[in-house]
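Observations on chain architecture
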Amino acid sequence: MGDFMNIVVCIKQVPDTTEIRLDPIKGTLIRDGVPSIINPDDKAGLEEALKLKDLFGANITAITMGPPQAEQVLKEAFAMGVDKGILLTDRKFAGADSLATSNALAGALKKLDFDIVITGRQAIDGDTAQVGPQLAEHLGLPQMSYVKEINIVGENLVRVKRGVEDGYQVLEAETPCVLTILSEANNPRYMSVSKIISAVRDKKIEVWDTSMIDIDLEVLGLSGSPTKVKKSFTKGAKSAGKIHEVIPQEAVTIIIDKLKENFII
Amino acid sequence: MNLKEYKGVYIFIEQKSKEIQNVSLELLGKGRGLADTLEEELVAVLLGNKVKDQCQDLISYGADRVIYVDSPMLDKYLTEPYAQALSAISKSEKPNVILIGATSTGRDLAPRVSARLATGLTADCTSLEISEEKELLMTRPAFGGNLMATIICPDHRPQMSSVRPGVMQKLAIDTNRTGEIVEFDMKFDESKFKVRFIEELKETKQLVKIEDAHVLVSGGRGVGSAENFKHLEVLAKNIGATVSASRAMVDLGVMGHDRQVGQTGKTVRPDIYFALGISGAIQHLAGMEESEYIIAINKDKGANIFNTADLGIVGDVNKILPLLNSQINKLTNKNA
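A quick note: this is a predicted structure, and the numbers were derived from the prediction, not measured.

**Quick notes on the overall build of chain B**
The number of helices and strands found in chain B is eight helices and 18 strands. A globule of 336 residues ought to have a C-alpha radius of gyration of about 20 Å, and chain B, at 22 Å, matches this closely. When its C-alpha atoms are laid out on the principal axes, chain B stretches across 65 × 45 × 40 Å. Every one of the 336 residues in chain B was classed for burial, and the buried ones make up 52%. The contacts in chain B between residues at least 6 apart in sequence include a share of 63% that link residues at least 24 apart.

Set out below in structure tokens:
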């Protein structure tokens with residue numbers, strides 16, 4: 001591992017989907033004025049990396065793919081304590097589905113030294129949870145997903161708690177490996193004023209285009225994406241509900257029918 | 001890639017301690033319809049250790065054929081052995097479609113396999129249909145449920161999709177159905193097994209955050225007490241839902257602040273929101289009015305919640321819930 005671990009954290013700039021509203025007349029998404037944020041699971045990933053740095057020392061690189069304005073999330077990562085920021089930006093990356101995105105990130109990661117790669121479990125704009133495991137596959141590395149807790153338990157040995165439906169699994173792997181982090185893993189630290197100042201003054205974001213990464217152009221962007229959006233639509237407006245004034249047993253029947261209709265039971 | 005070589009709808013069957021998970025039976029139900037429309041075969045893929053005895057059940061739930069791999073390597077779910085087996089079966093069988101439950105297992109396995117097969121994967125589909133061109137139309141929510149998108153995978157096979165538990169419907173069990181059961185001869189590359197399983201621990205604490213829950217059972221002042229709130233917890237457990245509360249119950253100390261819905265709590269948009277004994281103060285509505293379907297029970301006919309509810313019941317939640325719970329218990333035991 002050398003003196004310090006090298007940790008790369010993949011982060012994404014996303015619209016804060018809890019702020020998105022529907023235009024009730026046009027039925028379209030209102031995206032104006034919706035703030036852009038670091039995807040919450042990715043921010044938890046940054047915090048996990050920073051915790052490891054606090055404990056053992058580490059060099060942390062944050063990497064993001066997106067349009068030029070995505071540099072904002074790297075500035076925030078600097079202000080949280082990240083050492084290096086890389087912005088992958090190129091028109092050839094545009095329109096990527098999860099597989100093409102993971103190809104681009106893998107191409108960039110092949111140019112970096114790392115012991116641990118951290119991604120968020122999923123991004124709130126797509127909610128697919130696919131990029132982390134796909135990235136791990138392209139790099140030929142073991143993955144441990146849905147991670148709630150990371151411990152370094154020996155030379156090159158990472159032990160995690162992986163959240164599952166009815167509890168958690170404890171898994172262990174040697175570095176290098178890929179971890180995908182749940183937002184419930186931690187409460188990310190705030191940006192510090194001194195780090196904001198040093199981020200502005202001393203830290204420079206590296207901007208990489210497709211020529212700087214180790215990947216075949218055919219697997220990038222829209223043309224490298226096996227999945228295509230055929231159509232998108234918003235769900236129609238709701239009609240007024242029905243009120244029943246009935247005896248309890250009848251109420252039970254009404255609710256049960258509704259739950260069956262929705263395949264809940 | 002010659003797309004015509006790829007035939008059949010394949011369902012990854014998830015088992016835990018040899019017990020087939022419900023989501024896999026639901027996918028067999030959905031897959032049966034897709035396979036019939038395509039006029040292709042429905043195949044269940046079962047991976048595990050000593051799971052051969054479960055194969056017949058998969059036929060009873062709709063499969064034409066079951067392919068299984070029995071190996072100690074597959075005793076507990078770990079990404080690499082499962083990814084190797086599913087990829088090997090896919091490379092050998094050339095499926096048209098692979099469906100996987102969007103559980104913590106499926107959402108770990110499916111992307112790994114899709115990358116290995118260099119094909120597309122669409123997560124958490126809420127609707128699957130076959131187009132006139134015989135393509136799989138995979139519809140899913142995006143942008144926090146604000147937008148629905150129909151995704152296709154036109155030039156790559158298999159077309160892979162994951163579906164959350166509870167979205168599709170399983171078929172009634174038919175023990176007279178017959179089908180073929182075949183063992184797949186799997187050669188593992190153990191040198192790639194880099195993750196070790198240490199232990200697993202059950203946790204009764206809820207893992208699902210209320211913002212992520214698909215069904216929320218939420219209680220307010222009308223529930224009255226921690227004692228009565230237990231009915232809500234039973235209902236949630238019975239239907240795979242998560243409990244939440246209005247501010248009144250949080251202030252009473254019945255629920256933690258992380259369970260509070262509303263302006264000073266969390267904003268939620270579940271598929272179904274039970275507003276139980278909740279009057280519907282504007283601060284509460286701000287946190288839940290965009291739920292897909294709202295079921296409200298309240299004693300007060302004039303309660304504001306009934307203006308937002310899709311289904312309103314005027315009545316005492318503490319009388320209705322025990323009845324509802326025992327009725328659901330009866331139904332689910334009969335189906336099992």
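Next comes the rest of the description.
**Quick look at the domain arrangement of chain B**
Examined at the domain level, chain B breaks down into domain 1 (3-192) and domain 2 (210-335). Each of domain 1 of chain B and domain 2 of chain B has a C-alpha centre, and these two points are 34 Å apart.

**Considering the interface of chain B and chain A**
Size of an interface, as often reported, equals the accessible area lost when the parts are brought together. Tallying the contact residues gives 70 residues for chain B and 67 residues for chain A. Of all the secondary-structure elements, those providing two or more residues to the side of chain B that touches chain A are α3 (79-93), α4 (106-116), β7 (121-122), β9 (136-142), β10 (147-152), β13 (195-202), β18 (311-314) and α8 (317-335) of chain B. Its residues assigned to classes, the side of chain B that touches chain A comprises 34 nonpolar, 18 polar and 18 charged. Both strand β15 (residues 242-244) of chain A and β18 of chain B contribute to a ladder of three bridges, which runs parallel. Within β18 of chain B, the residue paired with K242 of chain A across the bridge is L311 of chain B.

**Notes on the nonpolar core**
One finds I7 of chain A together with V45 of chain B to be the most contacted residues of the largest nonpolar core, which totals 128 residues. Broken down by element, this core gets its largest block of residues, seven residues, from helix α3 (residues 98-109) of chain A. Those residues in contact with I7 of chain A that lie beyond four places of it in its chain are A49, L52, A58, I60, F114, D115, I116 and I118 of chain A. Listed in part, the 47 residues of the second largest apolar core include A213, I239, Y273 and F306 of chain B.

**Considering the environment of I243 of chain A**
Here I243 of chain A shows up in strand β15. Since 15 C-beta atoms lie within 10 Å of it, I243 of chain A is described here as partly exposed. Apart from the residues lying within four places of it in its own chain, the contact partners of I243 of chain A are F306, G312 and V314 of chain B.

**Quick notes on the sheet that holds strand β9 (residues 143-154) of chain A**
Spatially, the ten strands line up as an open sheet ordered β13(A)-β7(A)-β6(A)-β1(A)-β8(A)-β12(A)-β9(A)-β10(A)-β11(A)-β13(B), and their pairing is mixed. For this open sheet the edge positions go to β13 (205-208) of chain A together with β13 of chain B, each flanked by a neighbour on one side alone. Neighbour-to-neighbour, the strand axes of this sheet turn through a mean angle of 30 degrees, independent of strand direction. Two strands pair when backbone bridges link them, and strand β8 (residues 116-120) of chain A and strand β12 (residues 177-181) of chain A are joined in this way by five bridges, in the parallel orientation. Bridge assignment links V117 of chain A to a residue of β12 of chain A, and that residue is V178 of chain A. Sheet strands touched by α3 of chain A: β1 (5-11), β6 (58-65), β7 (84-88), β8 and β13 of chain A. Its angle to β6 of chain A, the strand with the most contacts, is close to 145 degrees.

**Side note on unusual backbone geometry**
A cis geometry characterises the amide bond from T175 of chain A onward to P176 of chain A, with omega recorded as -5 degrees. Following R157 of chain B, the chain continues into P158 of chain B via a peptide bond in cis, with omega recorded as -5 degrees. You will see that N156 of chain A, though not glycine, has its phi angle at about 65 degrees, which is positive. Relative to the assigned elements, N156 of chain A resides in the loop between β9 and β10 (157-164). In this structure N156 of chain A comes out as partly exposed when scored by C-beta crowding, with 13 C-beta atoms within 10 Å. With phi around 50 degrees, A118 of chain B is a residue other than glycine that occupies positive phi space. As for its position among the elements, A118 of chain B is in the loop between α4 and β7.

**Here's the deal with the packing of helix α4 (residues 131-139) of chain A against α4 of chain B**
One can describe the packing of α4 of chain A onto α4 of chain B by two numbers: an axis separation of 8 Å at closest approach and a directional angle of 40 degrees. The angle between α4 of chain A and α4 of chain B places the two elements in the oblique class. Every pair of crossing elements has a handedness; the one defined by α4 of chain A and α4 of chain B is right-handed. Residues P133, Q134, E137 and H138 of chain A of α4 of chain A form the contact with α4 of chain B, whose participating residues are D108, P111, R112, S114, A115 and R116 of chain B. Across the contact of α4 of chain A with α4 of chain B, the residue classes break down as three nonpolar, three polar and four charged.

Cut-offs and rules
Residues numbered from 1 in each chain as written. Chains lettered and ligands numbered in written order. Predicted model: local features only at pLDDT ≥ 70, side-chain atom pairs only at ≥ 80, totals over all residues. Helix = DSSP H or I, 4+ residues; strand = E, 2+ residues; numbered from the N terminus. Rg over C-alpha atoms; globule rule 2.2 N^0.38 Å. Buried ≥ 20, exposed ≤ 12 C-beta atoms within 10 Å, placed from the backbone. Contact = placed C-beta atoms within 7 Å. Domains from an automatic or database assignment. Nonpolar A, V, L, I, M, F, W, Y, C, P; charged D, E, K, R; others polar. Pairing = 2+ DSSP bridges. Core = buried A, V, L, I, M, F, W, Y, C linked by C-beta atoms within 7 Å. Axes fitted to C-alpha atoms, helices over the stretch in contact; angles between N-to-C directions. Parallel < 35°, antiparallel > 145°, perpendicular 65-115°, else oblique. Left-handed = near helix turned anticlockwise from the far one by under 90°.

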